[in-house]
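# Coordinate analysis (summary)
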There are 2 protein chains.
Amino acid sequence: MANANINRQILLVSRPQGEASADNFRLVETPLAPLGEGQVRVRNHFLSLDPYMRGRMNDTKSYAPPQPLNEVMIGGTVGEVIESRNAAFKAGDKVVGMFGWQEYGTSDGKGMQIVDTTHVPLSAYLGPVGMPGVTAWYGLNRIIEPKAGETVVVSAASGAVGSVVGQLAKAAGCRAVGIAGGEEKCRYVVETLGFDACVDYKAGNLRDDLKSATPNGVDGYFENVGGEVLDAVLARMNAFGRIALCGMISGYDGKPLPMKAPALLLTQRLKLQGFIVSEHMDVWPQALKELGIAVATGKLKYRETIAEGIESAPEAFLGLLRGKNFGKQLVKLI
Amino acid sequence: MANANINRQILLVSRPQGEASADNFRLVETPLAPLGEGQVRVRNHFLSLDPYMRGRMNDTKSYAPPQPLNEVMIGGTVGEVIESRNAAFKAGDKVVGMFGWQEYGTSDGKGMQIVDTTHVPLSAYLGPVGMPGVTAWYGLNRIIEPKAGETVVVSAASGAVGSVVGQLAKAAGCRAVGIAGGEEKCRYVVETLGFDACVDYKAGNLRDDLKSATPNGVDGYFENVGGEVLDAVLARMNAFGRIALCGMISGYDGKPLPMKAPALLLTQRLKLQGFIVSEHMDVWPQALKELGIAVATGKLKYRETIAEGIESAPEAFLGLLRGKNFGKQLVKLI
C-alpha cells in the first residue's frame, strides 16, 4: 500500500529491442519533498495507459521526443489535490494532469485542469471525455467528415478511441462498422456500443468478413492498427474516401509494416491524413463539451479495464500492446 | 501519307499481360463517311500520349472504365476544322478535343473547344495549357498549397506535368526539386526550367542525393511515379507535409508496388491525396487562363518529344511508359 511520504514511481530504464518487455521498466520509491511556494500536490487516482507510449520508448524520429531514460514514464492521470500552495487549486479539487506513472504528482499548476465529477466519473476524463475521446472526435469530424448514409469503419473498435469513433459515426447517421480481436469484443461493439457490425480480425477471414460487413464499400476509415488490417480496408474504400490515420499499433514493436497496394489511394482518389490530437488544441473545448454531455446523459458508452496498483502498470501496458485490454486501460493508484 | 478519304486509326485489340506491347494495338484504315447535319470534321494535327492511357488498357476497377477492345484508343488531340455542318464551328477553327488515336475526328461538337493560337502554339494545348498543365496546377495549388520558403519535390520532373509543377512552385517562392531519369533530363530541369536542384534516380544513390538536394526536408511532394521513389521522398517529408498523388507510372504494368514505411504518414502527420484532374472541372478556367498567360509570355517553359505519323503512336507510347520521352510526348499527324 501507499505510504504518505513515499512516492512510488515507474521509470523507463532501457529501450526495447523489438518487443517491449517488463525489463524496460523499474519501480522506485522516492520520498516526497515539501511543497514550494506556488506548488500543488496531487494524489493520482488513475493512470491512463495508451498506445502512443510505445513510440516514446524508442529513440527514433517521431512526432514527439523520446521518453528520457531513468525518468518517470509519461502518462495522463486523474487525481485529487491533497495540498496546495497555489491560489488556483485547493485540497479536494479533482484534476486531470500529465503526472505519468507515479502515485503523486507535484506541479506549479501548469497543464492541470480542475474537472467536475458530478455527472462524469473521474476516470472518464482519461477516456471518452479526455484525450482518447477528443482523438476520436477530431479524426472523425475533421478528417473523415462523415455524411449521413455513409459507411465508417474503425479498427480497435472496442478500445478507448475506437468505441467513441463508432458511436459518434452512428449518431451522425452513418453505418458504423468495427474491427476488433475476438468474439467477445465484437459482441460488445455491436450489442452494447450499437455499431451496425463488427469484424473479428482473429477469425481468419478478415477480407471476406469485411466485405460482408460493408456491402456499400467504405467511405471513412479511422485507423488505429495498420498492417494487414489497413490493407484489407483499403481494398474496400469507395471513391473519394477519407482515412484518418491515428495509430498503427501493429507496427509499434518495430516490425516492417508495408502498405501492399498504395495505388488504391490514387485509383480511388482517397485522402489519407495522419494526426496527433495534441496538435489541435483548438478543438478540445468543443469536443470535450459534446463528449461530456454524451457521457453524462448515458448516450456515449465506454468500458474500462482496470489494473490495481502502480506496480501493475508495466504488465498492463504490455497487455494493451497485444490487445489484452477490453476498453480503456487504466491503472488504479489508490 | 494521309489520304483525304481514309482515316487511319489505332485500335486496342488486346489487353496486356504484364507489360504493354505493340501487339496490343492495330492500325486500321477506315473510309470517312459524309458529315451528317450538326457534325464537324477535324483534321487532327497532334495526338497527346499520356501515362493514364496505360490504366485504361487494363480491365480492372479504376477511376475510369477500361478502353473497349477493337475501338479507337482514347486520347486528347488538337487539330483544325476542315468541314462543318455545325453553326458553332467553321473550317479553319483550331480545336482541342478527345478524338483519340486517329487522323480525323468527327463529332457533334460536344467536348470540343476552339483555341487561340496567336500567342500559344497549338500543341501547347495538349501540354502546359492543357490537361497536363491543369493537373500540375490542381495538385500543387489545391493539395500541396505551397507557402514561400517551403521545399516542393516533383517526380518525372522533366515531363509534361512535372515540369509545370516545379516552375509553378518556384514562382510561389518555394525551393523546387525535381527527380528525373538521367543526367540530360536533370540538366534541363535545372538549367532550362529553373528548378533549384534535380536528382537523377538512375544514378543509383537516390536516397543520399535526395537528402543533399533537400537540406530542409520536403514540405510538398507531387507524385507521378510511385514505388521506390515514393519511399525515398516519404523518408524526407517534414511534419505536416502534403503529398499530391497524381500518378504511379512505375506500377502501371501490374508489378506489386508496396509502400515500405506508411508509418511515416502518421509520425510526420502527412496528408496524402489522390486526384484525377477531370473530376475538378471547376478549376480549369482559372488554371488555363494563368497557364496560357505564362506560356504566352515565355515564363512557363516546356519541351516536346514528337513522333511522326499515327503509325508511330504505339512505340512512342511504350517509350513514354519507360521514360524514353523528354518532355511532353506527342504524335504529329499531319
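Residues numbered from 1 in each chain as written. Chains lettered and ligands numbered in written order. Predicted model: local features only at pLDDT ≥ 70, side-chain atom pairs only at ≥ 80, totals over all residues.

## Some words on the nonpolar core
Test applied: Residues of type Ala, Val, Leu, Ile, Met, Phe, Trp, Tyr and Cys that are buried and joined through C-beta atoms within 7 Å form what is called a nonpolar core. Our exposure labels follow a C-beta count within 10 Å of each residue's own C-beta, placed from the backbone: buried means 20 or more other C-beta atoms, exposed means 12 or fewer, and partly exposed covers the counts in between. In this description, a residue-residue contact is defined by the distance between C-beta atoms placed from the backbone, which must lie within 7 Å.
Judged by nonpolar contacts, the single largest core of 208 residues is most densely connected at V233, A313 and V331 of chain A together with V233, A313 and V331 of chain B. Leaving out residues up to four positions away in the same chain, V331 of chain B has contacts with F46, L47, L49, A307, I310, S312, A313 and A316 of chain B.

## Describing the pairing of strand β3 (residues 40-48) of chain B
Residue and element names in this part refer to chain B. Let me state the cut-off plainly: Numbering goes from the N terminus for both helices and strands, where a helix is a DSSP run of H or I of at least four residues and a strand is a run of E of at least two. Pairs of strands are assigned from DSSP output, requiring at least two bridges between the strands.
Taken across its 9 residues, β3 has 8 buried, putting it largely inside the fold. Where β3 meets strand β7 (residues 104-107), 4 bridges bridge the pair, whose relative direction is antiparallel. The partner of R41 across the bridge, within β7, is T106.

## Some words on the domain arrangement of chain A
Residues and elements named next belong to chain A. How we decide: The source of the domain bounds is an automatic or database domain assignment. Side-chain classes are defined by residue name, with Ala, Val, Leu, Ile, Met, Phe, Trp, Tyr, Cys and Pro counting as nonpolar, Asp, Glu, Lys and Arg as charged, and the others, Gly among them, as polar.
The domain architecture assigned to chain A consists of domain 1 (6-125 + 303-332) and domain 2 (131-278). The C-alpha-based centres of domain 1 and domain 2 are spaced at 28 Å. Taken residue by residue, the interface counts 14 residues in domain 1 and 15 residues in domain 2. Here the side of domain 1 that touches domain 2 is built from residues that sort into 5 nonpolar, 5 polar and 4 charged.

## Observations concerning the sheet that holds strand β2 (residues 25-31) of chain A
Residue and element names in this part refer to chain A. Here we have 3 strands laid out as an open sheet, ordered β2-β1-β4, and antiparallel in their pairing. With partners counted over all chains shown, the strands left at the sheet margins are β2 and β4 (71-72), one partner each. With 2 bridges joining them, strand β1 (residues 6-12) and β4 adopt antiparallel strand pairing. The residue of β4 that forms the bridge with L11 is V72.

## Considering helix α3 (residues 162-171) of chain A
Residue and element names in this part refer to chain A. Taking burial as the measure, the 10 residues of α3 include 8 buried ones, the bulk of the element. All buried positions along α3 are accounted for by G162, S163, V164, V165, G166, Q167, L168 and A169. In this structure, the buried side of α3 is in contact with α2 (131-144), β9 (151-155), β10 (175-180), α4 (183-191) and β12 (218-223). Taken from the residues just after α3, G173 is the one with a positive phi, measuring 90 degrees.

## Some remarks on the confidence of the model for chain A
Applied cut-off: Summary of the metric used: pLDDT quantifies the predictor's per-residue confidence within the range 0 to 100.
Of all residues in chain A, 98% attain a pLDDT of 70 or more, and the chain-wide mean is 95. The ipTM assigned to the predicted complex is 0.90, against a pTM of 0.92.

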